[in-house]
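Coordinate analysis (summary)
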There are 2 protein chains.
Amino acid sequence: MAQKDKSDVTKEHLLNEAEGLFAQKGYNAVSVREITKAANCNLAAVNYHFGNKQNLYLEVFRARWVPRARLLQEHFRKSLAAQGSPSPTAVAKALAEAFLVGPLSDKERHRHHQLMVRELGQPTEAFELVADQVMRPFFKGLADMLRPVMPEGLGEERLMLNILSIFAMVLYFNFARVAVTRITGYEYDTAFKARLVEHIVEFSLKGLGGAEKEELR
Amino acid sequence: MAQKDKSDVTKEHLLNEAEGLFAQKGYNAVSVREITKAANCNLAAVNYHFGNKQNLYLEVFRARWVPRARLLQEHFRKSLAAQGSPSPTAVAKALAEAFLVGPLSDKERHRHHQLMVRELGQPTEAFELVADQVMRPFFKGLADMLRPVMPEGLGEERLMLNILSIFAMVLYFNFARVAVTRITGYEYDTAFKARLVEHIVEFSLKGLGGAEKEELR
DNA sequence: GTTTGTATCAAACGATCGTTTTAATGTCAA
DNA sequence: TTGACATTAAAACGATCGTTTGATACAAAC
């Protein structure tokens with residue numbers, strides 16, 4: 001039992017440190033030695049507990065990324081339910097709030113979106129996991145939610161492009177924060193992040209064309 | 001003279017192949033051997049002509065990326081000038097057209113945005129180049145252009161966030177095309193790309209708060 | 001107390017990395 | 001034709017990579 005506990009602790013540390021390093025530097029730029037050193041364990045631990053480096057990477061998604069994504073989606077659903085009927089305004093607000101403030105710490109959120117963007121730009125086996133278990137169901141749910149409240153005659157394709165565009169902004173402002181700061185001079189402090197959420201909600205809402213729609217109701 | 005020509009040919013090949021591979025796989029996942037093999041030259045050529053691998057990477061940005069970015073900006077300026085006064089509509093149209101259709105081939109555009117996203121997520125020395133010589137001046141120009149025609153009382157920060165949001169979409173739909181196809185099922189054929197431009201123009205325009213919707217269709 | 005099985009450890013494996021060295025090749029000026 | 005120079009070529013450098021091995025520590029089972 002005590003042995004089992006120790007083993008679990010090592011695995012947890014490995015997953016944590018691996019996720020951070022993979023997110024920060026990318027798969028190829030991180031060595032197994034670097035991970036095991038950060039996790040305070042022996043070099044062979046990765047191969048002992050996970051088989052090989054690539055499987056550790058996949059396990060990071062299985063054991064860390066996907067559960068966190070589910071947490072985000074749960075937070076979104078509750079936030080949306082609290083606002084009553086799912087108008088475009090409510091959806092945009094709940095989305096931005098969940099993904100830019102939400103239940104995650106700053107570090108967690110940064111990690112999460114860095115890993116996502118890496119898989120978006122260069123899909124590996126982990127992308128299948130993310131697409132099947134997280135993205136497709138979530139986007140489908142969003143589409144079902146928005147379809148009845150969007151302008152008439154808006155096709156399925158256009159609906160999906162609207163949803164993807166909101167995510168483009170959310171992803172961008174999360175993963176490119178260093179660059180955004182270097183370009184604009186704005187630091188990602190609490191005040192700026194608040195204005196950022198405000199902006200994304202407003203921009204998304206207008207983009208969805210939901211402002212007039214809501215006024216009509 | 002004939003020697004000089006041969007040397008130039010080798011350098012050009014190296015820059016071309018290096019850019020393609022760096023864009024596709026990222027700096028660390030590409031080996032010097034892989035590059036020189038693709039460029040049909042000797043392994044030592046990289047160190048002879050560029051000093052080392054990192055300097056080849058930087059030279060890719062100096063000799064390829066930045067000039068292409070200037071080409072895009074020039075295309076944007078001409079496209080905008082052809083539409084008369086720089087209304088939000090005209091700016092959104094010219095931006096989407098330049099960056100999603102524009103003067104570049106599909107492969108070039110893909111490369112261009114892949115390299116950009118890599119630097120955005122994990123800035124290296126090349127980012128300074130890109131930020132100083134391309135991004136900051138271009139964003140400043142856009143801001144100067146849009147400021148007089150945007151709604152009253154819109155602060156500088158909000159103006160910049162609007163511009164960044166448009167670029168977020170442009171970047172996203174360019175670099176995440178594999179993922180977008182895998183998620184939505186839509187192939188990036190000519191018809192889809194046309195609808196994509198249409199969508200981004202419309203979404204951006206609404207997001208900017210541009211009123212002139214009738215100009216769109 | 002001995003055996004069994006799990007987890008960790010140091011050490012080494014072969015492969016590949018970026019880079020350097022040294023020799024060969026080709027070209028132009030003198 | 002010869003010497004100087006620029007480019008290419010093959011081979012090797014030391015370092016680091018992911019992975020494997022065999023020994024060791026230690027708690028639980030008998």
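Residues numbered from 1 in each chain as written. Chains lettered and ligands numbered in written order. Predicted model: local features only at pLDDT ≥ 70, side-chain atom pairs only at ≥ 80, totals over all residues. Heavy atoms only, no water.

**Here's the deal with the environment of D132 of chain A**
By the secondary structure assignment, D132 of chain A is in helix α7 (residues 125–146). Between the C-alpha atoms of D132 of chain A and D144 of chain A, which are 12 residues apart in sequence, the distance is 17 Å. (Helix = DSSP H or I, 4+ residues; strand = E, 2+ residues; numbered from the N terminus.)

**Things to note about the interface of chain B and chain A**
In this complex, chain B contributes 54 residues to the contact, which on the side of chain A involves 54 residues. Where chain B abuts chain A, roughly 4600 Å² becomes buried across the two surfaces, and 62% of that area is made up of carbon and sulfur atoms. Of all residues in chain B, E157, I183 and F203 of chain B give up the largest surface area on contact with chain A, accounting jointly for 15% of the area buried on that side. Put simply, chain B and chain A have 8 salt bridges between them. Among the ionic pairs, E202 of chain B bridges to R158 of chain A, the shortest N-O distance being 2.8 Å. Linking chain B with chain A are 16 residue pairs in polar contact (both at pLDDT 80 or more). Going through the elements one at a time, α1 (2–25), α6 (106–121), α7 (125–146), α8 (156–175), α9 (177–184) and α10 (190–208) of chain B are the ones with two or more residues in the side of chain B that touches chain A. In terms of residue count, α8 of chain B provides more of the side of chain B that touches chain A than any other element does, 15 residues in total. (Contact = heavy atoms within 4.5 Å. Buried area = accessible area lost by both parts, 1.4 Å probe. Salt bridge = Lys/Arg side-chain N within 4 Å of Asp/Glu carboxyl O. Polar contact = N/O pair within 3.5 Å; in protein donor to acceptor, adjacent residues only side chain to side chain.)

**What about the relation of the copies chain B and chain A?**
Here chain B sits on chain A after a turn of 180° about the axis and a move of 0.0 Å along it, with an RMSD of 0.0 Å. What the superposition gives is, in effect, a two-fold axis relating one chain to the other. Comparing interface residues between copies, 98% of those in chain B also sit at the interface in chain A, which points to an isologous, same-surface contact. (Least-squares fit on C-alpha atoms with pLDDT ≥ 70 in both.)

**A few points about the domain arrangement of chain A**
Residues and elements named next belong to chain A. Each assigned domain of chain A is listed here: domain 1 (1–51) and domain 2 (62–216). Placing a centre on the C-alpha atoms of domain 1 and another on those of domain 2 gives a separation of 30 Å. Residue-level contacts link 10 residues of domain 1 with 7 residues of domain 2. Together, the buried faces of domain 1 and domain 2 total about 780 Å²; carbon and sulfur atoms form 44% of this surface. (Domains from an automatic or database assignment.)

**A short note on the pattern of salt bridges**
All names here are of chain B. The tally for this structure, following the rule as stated, stands at 38 salt bridges over all chains. With its nearest N and O atoms 3.6 Å apart, the salt bridge here joins R111 to E19. Separated by 92 residues along the polypeptide, R111 in helix α6 and E19 in helix α1 bring together distant segments of the chain. Both residues of the pair, R111 and E19, count as buried. With a shortest N-O distance of 3.2 Å, D144 and K140 are connected by a salt bridge. Of the two residues, D144 and K140 are both situated in helix α7; the distance of 4 residues between them amounts to about one turn of the helix. For K140, a relative accessible area of 52% corresponds to the exposed category. (Buried < 20%, exposed > 50% of the residue type's maximum accessible area, 1.4 Å probe, protein only.)

**Focus: the packing of aromatic side chains**
Counting across every chain of the model gives 27 aromatic pairs over all chains. Considering the side-chain rings of F22 of chain A and Y27 of chain A, the 5.5 Å spacing of their centres and the 25° angle between planes classify their relative orientation as stacked. Here Y27 of chain A falls in the partly exposed class, since its relative accessible area comes to 24%. Taking the centre distance of 5.3 Å and the plane angle of 70° together, the rings of Y188 of chain B and F192 of chain B count as edge-to-face. No difference in accessibility class separates Y188 of chain B from F192 of chain B, as the two residues are buried. Every member of this aromatic cluster is reached through a ring pair, and the members are F22, Y27, Y57, F61 and W65 of chain A. Positioned above the aromatic ring of F50 of chain B, the side-chain terminus of K11 of chain B is 5.6 Å from the ring centre. (Phe/Tyr/Trp six-rings, centres within 6.5 Å; stacked < 30°, edge-to-face > 60°. Lys NZ or Arg CZ within 6 Å of the ring centre and 35° of its normal.)

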